[in-house]
2 protein chains.
Amino acid sequence: MAREKRRYDDNKGIGLVSPEDFTFGNNGDGLILQSGKVLAPVNIRYETYGELNKDKSNAILILHAFSGDAHVAGFHNPDDSSPGWWDSMVGPGKAFDTNKYFIICSNVIGGCQGSTGPSSLNPETGKPYAMDFPVITIDDMVNAQVRLIDYLGIDRLLAVAGGSMGGMQALEWATAHSERVQSALVLASTSRLTAQGIAFDAVGRNAIMSDPNWNNGNYYGRAVPSRGLAIARMIGHITYLSDESMHKKFGRRLQNKENYEYDFNDQFSVESYLEYQGDKFVERFDANTYIYLTKAMDYFDLSEKYGSLTYAFKKTNARFLVVSFSTDWLYPPYQSKEIVFALMKNSKDVTYVNINCPYGHDSFLLETERQTPLIASFLESVYRSIR
Amino acid sequence: MAREKRRYDDNKGIGLVSPEDFTFGNNGDGLILQSGKVLAPVNIRYETYGELNKDKSNAILILHAFSGDAHVAGFHNPDDSSPGWWDSMVGPGKAFDTNKYFIICSNVIGGCQGSTGPSSLNPETGKPYAMDFPVITIDDMVNAQVRLIDYLGIDRLLAVAGGSMGGMQALEWATAHSERVQSALVLASTSRLTAQGIAFDAVGRNAIMSDPNWNNGNYYGRAVPSRGLAIARMIGHITYLSDESMHKKFGRRLQNKENYEYDFNDQFSVESYLEYQGDKFVERFDANTYIYLTKAMDYFDLSEKYGSLTYAFKKTNARFLVVSFSTDWLYPPYQSKEIVFALMKNSKDVTYVNINCPYGHDSFLLETERQTPLIASFLESVYRSIR
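Below you will find a few notes about this structure. Since this is a predicted model, take the numbers as computed values, not measurements.

### Quick word on the overall build of chain A
The secondary structure content of chain A amounts to 12 helices and 14 strands. The C-alpha radius of gyration computed for chain A amounts to 21 Å, which stays within 12% of the reference 21 Å derived for 387 residues, consistent with globular compactness. Principal axes of the C-alpha set define a box for chain A whose edges measure 70 × 50 × 50 Å. Excluding contacts between residues fewer than 6 apart, the proportion of contacts in chain A whose partners are at least 24 apart in sequence is 74%. Taking the average location of the 38 positive side-chain charges in chain A and that of its 45 negative ones, the two points are 5 Å from each other.

### So, helix H10 (residues 333-345) of chain B
Residue and element names in this part refer to chain B. Its 13 residues place the ends of H10 18 Å apart at the C-alpha level, agreeing with the 18 Å of an ideal helix rising 1.5 Å per residue. Taken residue by residue, H10 has Pro-333, Gln-335, Ser-336, Ile-339, Val-340, Ala-342 and Leu-343 as its buried positions. Buried positions along H10 lie against helix H2 (165-176), helix H9 (309-312), strand S13 (319-325) and strand S14 (350-355). After H10 finishes, the residue Ser-347 shows a positive phi value of roughly 55°.

### Here's the deal with the packing of helix H6 (residues 269-284) of chain A against helix H3 (residues 195-210) of chain B
For the pair H6(A) and H3(B), interaxial distance at closest approach is 9 Å and the crossing angle is 55°. The orientation of H6(A) with respect to H3(B), classified from their angle, is oblique. Note on packing geometry: the crossing formed by H6(A) with H3(B) is right-handed. Listed contacts from H3(B) to Val270(A), Glu271(A), Leu274(A) and Glu275(A) of H6(A) are Ala195(B), Ile198(B), Ala199(B), Ala202(B), Val203(B), Arg205(B) and Asn206(B).

### Some points on the interface of chain A and chain B
Taken residue by residue, the interface counts 53 residues in chain A and 53 residues in chain B. Of the roughly 4700 Å² buried between chain A and chain B, counting both surfaces, carbon and sulfur atoms make up 66%. The three residues of chain A that bury the most area against chain B are Arg252(A), Tyr262(A) and Phe264(A), which together make up 19% of that side's buried surface. For the pair chain A and chain B, the number of links is six salt bridges.

### Focus on the side chain of Ser183(A)
Its place among the elements puts Ser183(A) in strand S12 (residues 183-187). In this structure the side chain of Ser183(A) is engaged in a polar contact, spanning 2.8 Å, whose partner is the backbone oxygen of Leu158(A).

### Focus on the sheet that holds strand S14 (residues 350-355) of chain A
Residues and elements named next belong to chain A. Strand order in this open sheet of eight strands is S1-S4-S8-S5-S11-S12-S13-S14, and the pairing throughout is mixed. Two strands bound the open sheet, and with one partner strand each, they are strand S1 (20-24) and S14. Averaged over all adjacent pairs, the angle separating strand axes in this sheet is 20°, with direction ignored. Alignment of S12 against strand S13 (residues 319-325), held across five bridges, turns out to be parallel. Looking at S13, one finds that Leu-187 is bridged to Val-323. Where helix H12 (residues 371-385) meets the sheet, its contacts fall on strand S5 (59-63), strand S11 (159-163), S12, S13 and S14, and the angle it forms with S13 comes to roughly 175°.

Cut-offs applied
Residues numbered from 1 in each chain as written. Chains lettered and ligands numbered in written order. Predicted model: local features only at pLDDT ≥ 70, side-chain atom pairs only at ≥ 80, totals over all residues. Heavy atoms only, no water. Helix = DSSP H or I, 4+ residues; strand = E, 2+ residues; numbered from the N terminus. Rg over C-alpha atoms; globule rule 2.2 N^0.38 Å. Contact = heavy atoms within 4.5 Å. Lys, Arg positive; Asp, Glu negative; His and termini not counted. Charge placed at Lys NZ, Arg CZ, Asp CG, Glu CD. Expected span 1.5 Å × (residues − 1). Buried < 20%, exposed > 50% of the residue type's maximum accessible area, 1.4 Å probe, protein only. Axes fitted to C-alpha atoms, helices over the stretch in contact; angles between N-to-C directions. Parallel < 35°, antiparallel > 145°, perpendicular 65-115°, else oblique. Left-handed = near helix turned anticlockwise from the far one by under 90°. Buried area = accessible area lost by both parts, 1.4 Å probe. Salt bridge = Lys/Arg side-chain N within 4 Å of Asp/Glu carboxyl O. Polar contact = N/O pair within 3.5 Å; in protein donor to acceptor, adjacent residues only side chain to side chain. Pairing = 2+ DSSP bridges.

Honestly, it's all geometry; don't read function into it.
Have a look at this one:
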């Protein structure tokens, strides 16, 4: 995710924000997972922007993608050089307009940015869970978010919205918790990964698990599997971009050299870029979370859960905005169309747009010009319909 | 490469064959590389099938892809359960008809299947070269092949033919050694890798170099970087297939389980398949060769070498057959079309076919039904024109 270099007080966004924590499960009310196991306690790191209105009808839950976190918009500290991961879309006058709506975003369980995950302390041992953390699914992530929404006293969300893995959560909300959502925004997402998508995830997990520092997941407090995680990230990064955007960005340029000298120090710009991205990622992300969250995505399959995709949407009352991107080959447009067709078969209210955009899967993070009016008018229409 | 299970005496192919070796460079006649370094001695492992005719006009040089070798067709031993890598296309009555043509294939230099490469002994140290092996390029590979063809007493090849990295060599032959080739068959190939292709290669190299057993390339005689190499192969394998073929082959099936149990032993079929492919590859391939050959492919760029792709083909007298495959996203059809357009701008003789085929980049190895008549008639036409 390319975060824009900015200052908190430049009047382009919502300024300073603070994360909050909600913990539950200490009183026998832990989270019952899809596997049957119980997770307790559960901490949920979340942020909110804007004001919840009196009848609590203007709340929108934003659902982050695989490597995202609760920090969607604004700055945590005056010294931060870049804002939250979707600041271009969330703030006063933006697509998710904080002058109108109350925006919530929480770090998923299994994550590593404040919510309970494999790096959290296992109450049974007093040590980090590591691979003793239970396998979690998209359903489990959403069930934890339901507890947060209950805690915030919100009966029904105006919208759930997310790209990529966030879109899977939006789909899960709109199918399993249909009575709690007015609308769902599903961006660059799918009702189930392709075999190719699973394959890329599997290689990333393999890279991490092959790093001797991984040590069966027990690396907390010592050297982390940084090479394995960096390689997993490089693979991921290629799949988030497109051939076209990589060509435009890097072409076949060599790094720092007028004439190459035929040695292994010669690097193409794209190689240096990937290595930089891999190394940078290691500083902020937990390798075990990489393993758990990719597995959660691999398991997600609405057709398998409901018997068919058409049946999955039978009972939903939500209105849908589905957006795909022409160059997204990881979550290709045909998968968004499958969702749209299934909704149409059920005569549900769905708006679908395939945006012609060169940035591949990352388009949902990078393209603001066409997404902004689309999302703003969709939300406005949903909001008007309930007032 | 999926090799068919067969027996040597089933009358479907050319039966038993033996590899041969040609060594040069021991008399001050080493191979001058593109880097300016000299490689000596140079061994070339090669195989031939069929008979060279009296005027030596029926010789075809087949050029193998990245993980291929000199063993194109037939069986080395009666016990072998599968034939050479392109046995479906090379043999009596096949596309490359050994009743008519004299077929040659050699392992590339830098390789690990008999020709001089990083695992060969460095005469200066008496130890394997490892990373002291000089960086080699596609041009260098072809220059070594020129020496082999000279040694075999062949003035002009009827054809050079190869898929993928083999196609790059065919292009190099037809541009730099145009007077030595009547025709070039360029299958599933490119005049230069995309930035995405370079990126995948770079991640594969990173995976190998991050394996502690790699040890800066000095692993000969001890534990090899098998995990790193397996991961590199898994990444490669995904890029050789297509979303469509993976979906057809594996879908989202789980391995060995009726009901999954939400643990990390649950594997999708595609995961098990990739791990199997990765592990199998380690048994037959040298990790340093992986590094050297991917770098050679990354460097290959006819436009850069000649100023433009059009200029690259200005002086060639070869006839061309260019074949791309609809689902090949690693060497996409638009790259074959660039070659075809450049040839047409020079009014060269070119036949181009884009074959609709689900198998991705590997199609050139797997699709025989449509390639066979295409290649057979092209070769026949070239052969007729010189008699």
